[in-house]
Amino acid sequence: MTTAAPSAPTSAALRAAGAGAWAAAVNHPVVRAIGDGTLPHRTFRGYFEQNIRYLEDYARAIALTVARAPDRAALDVLSRFLRQIVATEIPANLAFLARLGGSADRLPGPAELHPVAYAYTRHLLHVCAHGDCAEGLAALLPCQWSYGEIAKPLMAAPPDDPVYADWIAMFGNADYDALVAETTGLLDRLADPADSRQWPRLSEVFTISIRYEREFWDMALAAA
């Protein structure tokens, strides 16, 4: 029996379909500890060591999706999405790592990546290499979108620790929100949740990415 496709815009429908996994990611104990400034710096340093390598492959996955952009408007949005990662987030992660006593010279190599980081990046690269632009966006958006949602409530009362406050501010601002609105809006333009052939695949890759978002936070906690 085929499940009826939802009538909401694609991005909203995907998020609603994975609401439980989404809540587990954005309300993770690590997120709460960042928000109140109690997360040990050692734990956050370990997160950055894995996350920098993750972001490098995340950028490659976005680039694969840029190559599948169907028109100039999509090229514009996706190119700015890629630039956000390469020009802003990777340098910021390297700076946070240094502030926490880590070093870019001691980042893990491919064989040293945590299994979750490795599996998540392989998922993204596979989908973005073999799927169309909408599939790539469905895989990529849980990361970008969830971080904005994590940061927004924390901006109301940022922690005293400047490392955590600065990390929250990187995502909890109007420019970041505007880019998320553009990327989710692009997915809504390219995909119709009423398409019974397209919807199951989009839902599948989006749900896998949400699951990995939660597991990435689990990884940071367990590694500490």
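Preceding block: the structure.
As the structure is a computational prediction, the values presented were derived from the model and not from experiment. (Residues numbered from 1 in each chain as written. Predicted model: local features only at pLDDT ≥ 70, side-chain atom pairs only at ≥ 80, totals over all residues. Heavy atoms only, no water.)

### Digging into the overall build of the protein
No. 1: Helices and strands together make up the secondary structure of the protein, namely 10 helices and zero strands.
No. 2: In sequence order, the secondary structure elements of the protein are arranged as α-α-α-α-α-α-α-α-α-α.
No. 3: Over its C-alpha atoms the protein spans a radius of gyration of 17 Å, differing by no more than 12% from the 17 Å that the globule rule assigns to 224 residues.
No. 4: Along the first, second and third principal axes, the C-alpha set of the protein runs to 50 × 35 × 30 Å.
No. 5: Scored against the burial criterion, the 224 residues of the protein give a buried share of 50%.
No. 6: For the protein, the share of sequence-separated contacts (at least 6 apart) that also reach a separation of at least 24 residues comes to 82%.
No. 7: By element, 55% of the accessible surface of the protein is carried by carbon and sulfur atoms, the whole surface being about 10,100 Å².
No. 8: Here the protein holds 19 positive side-chain charges and 25 negative ones, and the gap between their average locations is 3 Å. (Helix = DSSP H or I, 4+ residues; strand = E, 2+ residues; numbered from the N terminus. Rg over C-alpha atoms; globule rule 2.2 N^0.38 Å. Buried < 20%, exposed > 50% of the residue type's maximum accessible area, 1.4 Å probe, protein only. Contact = heavy atoms within 4.5 Å. Areas by Shrake-Rupley, 256 points an atom, 1.4 Å probe, with all protein chains shown as cover. Lys, Arg positive; Asp, Glu negative; His and termini not counted. Charge placed at Lys NZ, Arg CZ, Asp CG, Glu CD.)

### Quick notes on empty space enclosed by the protein
No. 1: Taken as a whole, this structure holds two cavities of 30 Å³ or more when the rule is applied.
No. 2: The space that makes up the largest cavity amounts to roughly 70 Å³.
No. 3: What lines the largest cavity is a set of 13 residues, among which Leu55, Glu89, Cys143, Tyr147 and Phe171 lie closest to the centre.
No. 4: Among the elements of the structure, α4 (41-66), α5 (72-99), α7 (133-154) and α8 (162-171) are those that each provide at least two residues to the lining of the largest cavity.
No. 5: If you tally residues by element for the lining of the largest cavity, the top one is α4, at four residues.
No. 6: Computed from the structure, the second largest cavity encloses a volume of approximately 40 Å³.
No. 7: Around the second largest cavity sit Asn51, Tyr54, Tyr120, Cys143, Tyr147, Glu213 and Phe216, which together line it.
No. 8: Sorting the residues of the lining of the second largest cavity by element identifies α4, α7 and α10 (199-223) as the ones contributing at least two each.
No. 9: Here the lining of the second largest cavity is composed, by residue class, of five nonpolar, one polar and one charged. (1 Å grid on protein atoms, 1.4 Å probe; cavity = no way out; pocket = protein on both sides within 12 Å on 5 of 7 lines; lining within 4 Å. Points joined across faces, edges and corners; volume = space filled by probe spheres on them. Nonpolar A, V, L, I, M, F, W, Y, C, P; charged D, E, K, R; others polar.)

### Notes on the packing of aromatic side chains
No. 1: Taken as a whole and assessed by the stated rule, the structure comprises 22 aromatic pairs.
No. 2: Aromatic side chains Phe48 and Phe96 sit 5.3 Å apart centroid to centroid with 15° between the ring planes, which places their arrangement in the stacked category. One end of the pair, Phe48, is in helix α4; the other, Phe96, is in helix α5, and 48 residues separate them in sequence.
No. 3: For Phe48, a relative accessible area of 0% translates into the label buried.
No. 4: Judged by relative accessible area, Phe96 falls into the buried class, the value being 6%.
No. 5: Aromatic pair Tyr54 and Tyr58: ring centres 5.5 Å apart, planes at 20°, arrangement stacked. Linking Tyr54 with Tyr58, this pair stays in helix α4, spanning four residues, or about one helical turn. With respect to class, Tyr54 is no different from Tyr58; both count as buried.
No. 6: Looking at Arg122, its charged tip hangs above the ring of Tyr118, at a distance of 4.7 Å from the centre. (Phe/Tyr/Trp six-rings, centres within 6.5 Å; stacked < 30°, edge-to-face > 60°. Lys NZ or Arg CZ within 6 Å of the ring centre and 35° of its normal.)

### Examining the side chain of Glu213
No. 1: Following the sequence through the fold, Glu213 ends up in helix α10.
No. 2: One buried charged residue, Glu213, forms no salt bridge at all, with the nearest opposite charge on Arg214 at 11 Å.
No. 3: Beyond its immediate chain neighbours, meaning those up to four positions away, Glu213 contacts Ala25, Tyr54, Tyr120, Pro142, Cys143, Ser146 and Tyr147. (Salt bridge = Lys/Arg side-chain N within 4 Å of Asp/Glu carboxyl O.)

### Concerning α8
No. 1: Among the 10 residues of α8, seven are classified as buried, and the element is accordingly described as predominantly covered.
No. 2: Turning to α8, its buried residues number three or more, namely Val163, Tyr164, Ala165, Trp167, Ile168, Met170 and Phe171.
No. 3: The secondary structure elements touched by the buried residues of α8 are α3 (29-36), α4, α5, α7, α9 (174-190) and α10.
No. 4: Two to three positions downstream of the cap, the backbone nitrogen of Val163 sits 2.9 Å from a side-chain oxygen, assigning the N-cap of α8 to Asp161. (Polar contact = N/O pair within 3.5 Å; in protein donor to acceptor, adjacent residues only side chain to side chain.)

Read these as spatial facts, not as claims about activity.
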